[in-house]
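Observations on the three-dimensional arrangement
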Amino acid sequence: MEILHNGSLPSHPFPSNPFPDICLPHLSPHNRNFSPIPKSKFRASTPRITGFKHSTVSKHKHPQTLLPAFVDTPTSSSPAEIGDFISLLNRCTTLSEVRQIHAQTVKLNALESNSSVGNKLVVLYSRNQLSLEDARKLLDEIPKRTVPAYAALIGSYCRNEQWDDLFSVFRLMVYEGMLPDKYLVPTILKACSAMQLLRIGKMVHGFVIRKIVDSDVFVGNALVDLYSNCGDLGSSRNVFDTMQERDVVSWTALISAYMEEGLLDEAIHIFHLMRLDGVKPDLISWSALLTGYARNGEIDLALDALEEMQEKGLQPRVNSWNGIISGCVQNGYLEDALDMFSRMLWFPEDPNIITIASILPACTGLKALHLGKAVHGIALKHGIFGNFYVQGSLIDMYSKCGSNDYAEKVFGKAEDKNTTMWNEMIAAYVNEGKVENALGLLTLMQKDGWKPDVITYNTILSGHARNGLKTQALELLSEMVQMDLKPNVVSFNVLISGFQQSGLSSEALKVFRIMQSPVGDVNPNEVPDLSMRPNPITITGALAACADLNLLQQGKEIHGYTLRYGFEPNIFVSSALVDMYAKCHDMDSANKVFFRIEGRNTVSWNALMVGCIKNKQPEEALKLFLEMLQEDLAPSSITFKILLPACGDTAAVRFGRGLHGYAAKCQLDGSKNAIASALIDMYTKCGSILEAKSVFDSEVEKDVPLWNAMISAFSVHGMARNAFAVFEQMELLGILPDHITFVALLSACARDGLVEEGWKYFNSMENSYGIAASLEHYTCMVGILGGAGLLDEAHDLIRQMPYPPDACTWAALLQACRVHSNPEIGERAAKALFELEPDNATNYMLLSNIYVSSGMWDSAKSLRSYMRGRKLLTIKECSYLTIGSHIYAFKGGQSCHPEFEEILETWEKLAKKMELSGYFPLDPVFEDEEKEMDPFSCLHTEKLALCLGIISSSARHPIRVSKNIRMCIDCHTSAKLISRIAGREIFVKDVCFYHHMKDGICSCQDRW
């Protein structure tokens, strides 16, 4: 929207122009945008009637009775006839009468001979919205225009919010040397306020001061509103303080200004000062106060103000209720908004368009379709359904509540559609993933004569990008340019974020480069030649793409850009930087950015905690949570979803219980089942299956993921029969399982070696539930057969299944070969794995263990030498031990624990007792080819953790250890023996199984 642009004017025809040339360049007739309507054009469109015959107007009471008397009128008008026209116009009550008199004045050339009639016609036309175009054309026809005519048209444009037209007429007025009076100045200031044209508003203010009309209370009020709406609170207060006369409107405007800036205490103080000054607050003042409270999230204060105003004898009207309702919605208090809407109806107060348009987003946010339908019914009852805003909000509500059929009905029944409504319906299709429907609606929109705007195209661009339709998205971008719709920063943002979310992160970064510089390596045939400055949302999307692709260097370059343009303080940009550095494994940089953030919020803390977990530092994530609480920040549902798995990974059951209590206190109803599933998983990994079951039983409305979590919990603990019982309960309740349910059931069968049950569940998937077996299900069956020692059958199943085996499938067979010491089939599985994952050292280690358990020492030694030659590194092992509230991490190759010597002494004592019991390690460590092997070495981290647990914890308490990789056979056997020798209950969780060891027996039955 172009109102002003740089330029200069020729000399004005009046001596002193109060508005500098640089401010109003369009006033020049040499400007291409300054083009008054030709006289002939206006006359051709003016209705014509029969001529007038002169008569005395004063004898007639209504102009309609005069018109037939004028016949055979001469071609020019006398002063008496001009007077008659003016008298007739003064008596006009309908637009048709004005048009008839206008037609006669054209025939008599009255407009050229005397401008009074033309100016009067402009004033009358301006009073009706339907004739505004006539008023403007006529204004261009009048030889000598007057301030009242300009004021009438400007005022009408202001009432209809036609700001471009208003400023166009105002420019013409100033160019002709006519200055606004104190009655017109408030209208001009209101337009500046609405368009936030602070510079022009200040110039008008300067004119007001020079003409000494700033003492007028209406002008002062308009200036207070201008500055406050443009964010210049200081100037707004200065104008208020210098006003010689202040009324209730003045005080209300200043109260609203402070409320808008979130300065509630100052706004309340001004409200009290108004009373002390003897000005009684009116309904609008009270509405401004309670609306300000609500918009700043102080709902209780808003309700108190509502009650107080009623005590003062003022009954709230619809605008008062609207203020509270919209404030609740803006602050996310959606249920409070619905409560206020209900109270309003019971008051009783009838809703208006703003009420319905404000409350529907609350229904949308709560996904409360039934409430949305009720609001729809209320709108129909009160006859306010046909409004654009209401219909658009209804379309949005129905589509986001999953009822696109209702959205289509609302759209189809709308008699008068505007561009916004078309955009809402297109967005509904896009959000549902129906991009083709959205394109069809775009075509229909154009056929119906509506021109799509930038929002229309941005919405469809978003749909294409999110669905990975790169070619179509870029073609649509070019189409925008061809339609003279220049893509804006939002156009690029939806492409970048959409491509990133659909897995096309490299394309997202390419669009980011195009946005900054369209030349260079960009193909001009692929995208239009466009460039513009990115904004924080752009930067956030580009950083996410760098994080996906692990492009640390490109991420650093974007970071440099954010520093250069001052984007880093933006909380979304800084959080994206933390996420990018963390995913690129540069935690030092992630921490530096994080601790530079001012006003850290929950999102930024979540980003750093996720980074710690992804970089194998779960204990650091838990420490960060405590620091976050010290900053008085409340965790979100995402915070719990991040931290509960970290508790499980570190066996920090005490910390997990604390999070459980905190989550219950926060009452995160929207994510209740998701958090319950995470709690079940946490308690399961920490060895507390009873607490996991307690969480499951406490949930009344269980969804399928929650049932799956409980089945998986029993499966991990080797309690297959319990898992089956939960599944049967699920069936009895009529809850349909999904493919994950059967993965959990088959995993339970694999852990307990239940071949028959495994085949039963595998076959029932498709026969009973129509779920086709996936590669994951076949892999589970390979594990079941292999775990039961049916290695040939497992190998045959791999060759016969309808999917090409992946690394997980062959790894399941290789692991079974390790358990049953079968080097022949193990070598076949290993060979396939070496081709699929040539750099995965774990596969070589498994085969080496098979050789060792089969007595093939030379083969094992040769394989390990091969691994050293290729510099194949296994995942760095780490074990966690929780004692009380402390989490101890033992990382492979490190011996920095303060009690390390005491730990080694404890291990030596345990090793001697194990040796005396006749145990010899089955998983020896080859330290060097030239050195002898120490079969009782304490090198694996879970052994160190177990020793510290024995030293530091009470014998009454179990020892809980968590390890980031699968336990080796020696550590497993050692832990079983230690549980018997030390008389301790031991829980060890690795990446595959949960081991509960007591009296030398493990719950996994040595099938891990």
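Because the structure is predicted, anything quoted here is derived from the model rather than measured.

The rules behind the values
Residues numbered from 1 in each chain as written. Predicted model: local features only at pLDDT ≥ 70, side-chain atom pairs only at ≥ 80, totals over all residues. Heavy atoms only, no water. Helix = DSSP H or I, 4+ residues; strand = E, 2+ residues; numbered from the N terminus. Contact = heavy atoms within 4.5 Å. Areas by Shrake-Rupley, 256 points an atom, 1.4 Å probe, with all protein chains shown as cover. Patch = residues over 30% accessible without salt bridge, like charges linked within 9 Å, V, L, I, M, F, W, Y side chains within 5 Å. Salt bridge = Lys/Arg side-chain N within 4 Å of Asp/Glu carboxyl O. Lys, Arg positive; Asp, Glu negative; His and termini not counted. Charge placed at Lys NZ, Arg CZ, Asp CG, Glu CD. Buried < 20%, exposed > 50% of the residue type's maximum accessible area, 1.4 Å probe, protein only.

1. A word on the overall build of the protein chain
Helix and strand counts for the protein chain come out as 51 helices and six strands. Put simply, of all contacts in the protein chain between residues at least 6 apart along the chain, 62% involve residues at least 24 apart. Total accessible area computed for the protein chain in this model is approximately 46,900 Å², and 51% of it derives from carbon and sulfur atoms.

2. Remarks on a negative patch on the surface
Together, E298, D300, D304, E307, E311, E335, D336 and D339 line one region of the surface with negative charge. For the negative patch, the elements supplying multiple residues, two or more each, are α16 (299–311) and α18 (334–346). At four residues, α16 tops the list of elements feeding residues into the negative patch.

3. Re the pattern of salt bridges
Applying the stated criterion across every chain, the model contains 21 salt bridges. Close ionic contact of R657 with E691 constitutes a salt bridge, the shortest N to O distance being 2.9 Å. Separated by 34 residues along the polypeptide, R657 in helix α36 (residues 653–666) and E691 in helix α38 (residues 689–698) bring together distant segments of the chain. Exposure remark for E691: the relative accessible area of 23% places this residue in the partly exposed category. D796 serves as the salt-bridge partner of R799, at 2.3 Å between the closest nitrogen and oxygen. Of the two residues, R799 and D796 both sit in helix α44 (residues 791–800), three residues apart, roughly one turn of that helix. Connected through shared salt-bridge partners, D649, D681 and K685 make up one network.

4. Considering the environment of W907
With respect to the helices and strands, the residue W907 is situated in helix α49 (residues 900–916). The class of W907 is buried, set by a relative accessible area of 5%. C-alpha of W907 to C-alpha of K943: the two residues are 36 residues apart in sequence and 7.8 Å apart in space.

5. Concerning unusual backbone geometry
With omega at 5 degrees, the peptide bond leading from F347 into P348 counts as cis. Following the sequence through the fold, P348 ends up in the loop between α18 and α19 (353–365). In this model, D632 sits at a positive phi of 60 degrees, which is unusual for a non-glycine residue. With respect to the helices and strands, the residue D632 is situated in the loop between α34 (618–630) and α35 (637–649). Given the relative accessible area of 71%, D632 is considered exposed.

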